[in-house]
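Residue strings, one per chain:
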Amino acid sequence: DRSLGVPAPVAAKKPRIGPSVPRLSRSDTAVMVLNGNGIPGAAHEAAARVRARGYAIGEVGNANRTDFMRPVVMYRPKFRGEAMRLARDLRIKIVGMGVRDLMGAHLVLVVA
């Protein structure tokens with residue numbers, strides 16, 4: 001795994017960027033999974049759970065920090081609906097992010 005530069009979430013509330021209804025199917029939604037807790041293998045285990053839900057897995061690696069207190073879904077603008085669906089599927093909180101370059105992924109799951 002390599003460390004990927006993902007910024008800290010900027011807000012603890014659900015931003016309203018993009019529609020709340022997913023436009024892409026799960027299989028067409030690319031998810032980057034990052035280890036935000038420092039436990040070896042955590043991102044790969046989470047990626048397997050995400051893949052089992054039918055999502056496409058993009059990059060799997062390490063977040064630039066390991067102090068995330070809980071799992072987080074981040075999304076590119078216009079993919080709020082997909083982020084909300086992934087968060088519901090995994091029962092985790094959504095936090096938007098302003099970074100557009102996610103190596104082709106629509107969403108990022110940071111494992112805590």
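Just so it is clear, the model here is predicted, and its values are computed rather than measured. (Residues numbered from 1 in each chain as written. Predicted model: local features only at pLDDT ≥ 70, side-chain atom pairs only at ≥ 80, totals over all residues. Heavy atoms only, no water.)

## A look at the overall build of the protein
Consideration 1: If you tally the helices and strands in the protein, you get two helices and five strands.
Consideration 2: Of the regular secondary structure in the protein, the N- to C-terminal order runs β-α-β-β-α-β-β.
Consideration 3: Taken over 112 residues, the protein has a buried fraction of 44%.
Consideration 4: In the protein, the share of contacts with a sequence separation of at least 24, taken over all contacts with a separation of at least 6, comes to 79%. (Helix = DSSP H or I, 4+ residues; strand = E, 2+ residues; numbered from the N terminus. Buried < 20%, exposed > 50% of the residue type's maximum accessible area, 1.4 Å probe, protein only. Contact = heavy atoms within 4.5 Å.)

## Observations concerning the nonpolar core
Consideration 1: Core analysis: the largest hydrophobic core is formed by 19 residues, its most contacted members being Val31, Val33, Val50, Val73, Leu86, Leu107 and Leu109.
Consideration 2: Contributing elements (two or more residues each) for this core: β1 (30-35), α1 (42-52), β3 (72-75), α2 (80-90) and β5 (107-111).
Consideration 3: Considering every element that reaches this core, the biggest residue donor is α1, with five residues.
Consideration 4: The residues touching Leu86, leaving out its near neighbours within four places in the chain, are Val31, Val50, Tyr55, Val73 and Leu107.
Consideration 5: Residues Phe68, Met74, Ala105 and Val108 belong to the second largest nonpolar core, which totals eleven residues. (Core = buried A, V, L, I, M, F, W, Y, C linked by side-chain atoms within 4.5 Å.)

## Brief notes about the confidence of the model for the protein
Any segment with low pLDDT has predicted coordinates that should not be analysed in fine detail.
Consideration 1: The pLDDT averaged across the protein works out to 84; a share of 77% of its residues lies at or above 70.
Consideration 2: Between the elements of the protein, mean pLDDT differs from a low of 72, seen in strand β4 (residues 93-94), to a high of 98, seen in α1. (pLDDT = per-residue confidence, 0-100.)

## Description of the side chain of His106
Consideration 1: Tracing the chain through its elements places His106 in the loop between β4 and β5.
Consideration 2: Beyond its immediate stretch of four places on either side in the chain, His106 contacts Leu24, Asp28, Thr29, Ala30, Tyr75, Arg76 and Phe79.

## Structural notes on the packing of aromatic side chains
Consideration 1: One pass over the full model with this rule turns up zero aromatic pairs.
Consideration 2: Stacked on the ring of Phe79, the Lys or Arg Arg23 has its end atom at 5.2 Å from the ring centre.
Consideration 3: When the ring centre of Phe68 is taken as reference, the NZ or CZ atom of Arg65 above it lies at 4.1 Å. (Phe/Tyr/Trp six-rings, centres within 6.5 Å; stacked < 30°, edge-to-face > 60°. Lys NZ or Arg CZ within 6 Å of the ring centre and 35° of its normal.)

## What to know about the environment of Met103
Consideration 1: Mapped onto the elements, Met103 comes out in the loop between β4 and β5.
Consideration 2: Residues Met103 and Glu59, spaced 44 residues apart in sequence, show a C-alpha to C-alpha distance of 7.4 Å.

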